[in-house]
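Remarks on the overall topology
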Amino acid sequence: MRLLIDAQLTYRLTKWFVARGIDAIHTSTLMTGDRTLDGELSCLADGERRILVTKDADFVDSHFLRAEPAKLMLISIGDTSNGALES
C-alpha cells in the first residue's frame, strides 16, 4: 500500500503508517510543501500509484466526477485531536 497524506492531516500520521511498514509520504515533504495545489496532489498520487489520504471533502467531488485522484481515502471523523485519530 502506498499513501500520500494531505496537509490537513498531521505528519505524525505519516510516521504512524511508516512505522507499520506502509509506504507513506506527507505533503510537507514535497517541493512546494503544504501549499501544493489539489490538482498537483491528485496527479502525484496517480503517477506514483498512491492512495490520497485527506480530510478535504473537495477531493470527493473530483474523485467521483473525474476519477482524480484514482484512489482516495477520506478521513471524516469531525474535529478530533491527532492523538485520538492515531488511536
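Our structure's up above, just so we're on the same page.
From a predicted model like this one, the values you see are computed outputs, not experimental measurements. (Residues numbered from 1 in each chain as written. Predicted model: local features only at pLDDT ≥ 70, side-chain atom pairs only at ≥ 80, totals over all residues. Heavy atoms only, no water.)

Here's the deal with the sheet that holds strand E2 (residues 23-26)
- Read across the sheet, four strands follow the order E2-E1-E3-E4 without closing on themselves; strand pairing throughout is parallel. The sheet terminates laterally at E2 and strand E4 (72-74), the two strands that pair on one side only. Across the sheet, the mean angle from the axis of one strand to that of its neighbour is 20 degrees, orientation sign disregarded.
- Pairing analysis gives four bridges linking strand E1 (residues 2-5) to E2, with the strands arranged parallel. By the bridge assignment, Leu-3 is partnered in E2 with Ala-24.
- Where helix H3 (residues 58-66) meets the sheet, it contacts strand E3 (51-54) and E4, and its direction lies at approximately 145 degrees from that of E4. (Pairing = 2+ DSSP bridges. Helix = DSSP H or I, 4+ residues; strand = E, 2+ residues; numbered from the N terminus. Axes fitted to C-alpha atoms, helices over the stretch in contact; angles between N-to-C directions. Contact = heavy atoms within 4.5 Å.)

Things to note about the pairing of E2
- Side-chain alternation along E2 places Ala-24 and His-26 on a buried face and Asp-23 and Ile-25 on a face that remains uncovered.
- Viewed along the sheet, the connection from E1 through helix H1 (residues 11-19) into E2 turns out right-handed. (Buried < 20%, exposed > 50% of the residue type's maximum accessible area, 1.4 Å probe, protein only. Right-handed = clockwise from strand over helix to strand, strands pointing away.)

Comments concerning the environment of Arg-35
- Inspection of the secondary structure puts Arg-35 in the loop between E2 and helix H2 (38-47).
- A relative accessible area of 70% means that Arg-35 is categorised as exposed.

Structural notes on the side chain of Thr-14
- Mapped onto the secondary structure, Thr-14 falls in helix H1.
- Residues within four places of Thr-14 in sequence aside, it is in contact with Ile-5, Ala-24, Ile-25 and His-26.

Quick notes on the pattern of salt bridges
- This structure, assessed with the given rule, holds four salt bridges.
- The residue Arg-50 makes a salt bridge to Glu-48 at a minimum N-O spacing of 2.8 Å.
- Look at the salt bridges and you will find they share partners, linking Arg-2, Asp-23, Glu-48 and Arg-50 into a network. (Salt bridge = Lys/Arg side-chain N within 4 Å of Asp/Glu carboxyl O.)

Some words on the packing of aromatic side chains
- Applying the stated criterion to the full structure yields one aromatic pair.
- Consider the rings of Trp-16 and Phe-17, whose centres lie 5.2 Å apart with planes at 80 degrees: the pair is edge-to-face.
- Since its relative accessible area comes to 29%, Trp-16 is described here as partly exposed. (Phe/Tyr/Trp six-rings, centres within 6.5 Å; stacked < 30°, edge-to-face > 60°.)

Some points on H2
- For H2, the full list of buried residues reads Leu-41, Ser-42 and Ala-45. Axial view of H2: buried residues confined to an arc of 100 degrees, hence all on one face. Projecting away from the buried face of H2 at angles above 90 degrees are the exposed residues Cys-43 and Gly-47.
- Looking at the buried residues of H2, the elements they touch are E1, E3 and H3. (Arc of directions from axis to C-beta.)

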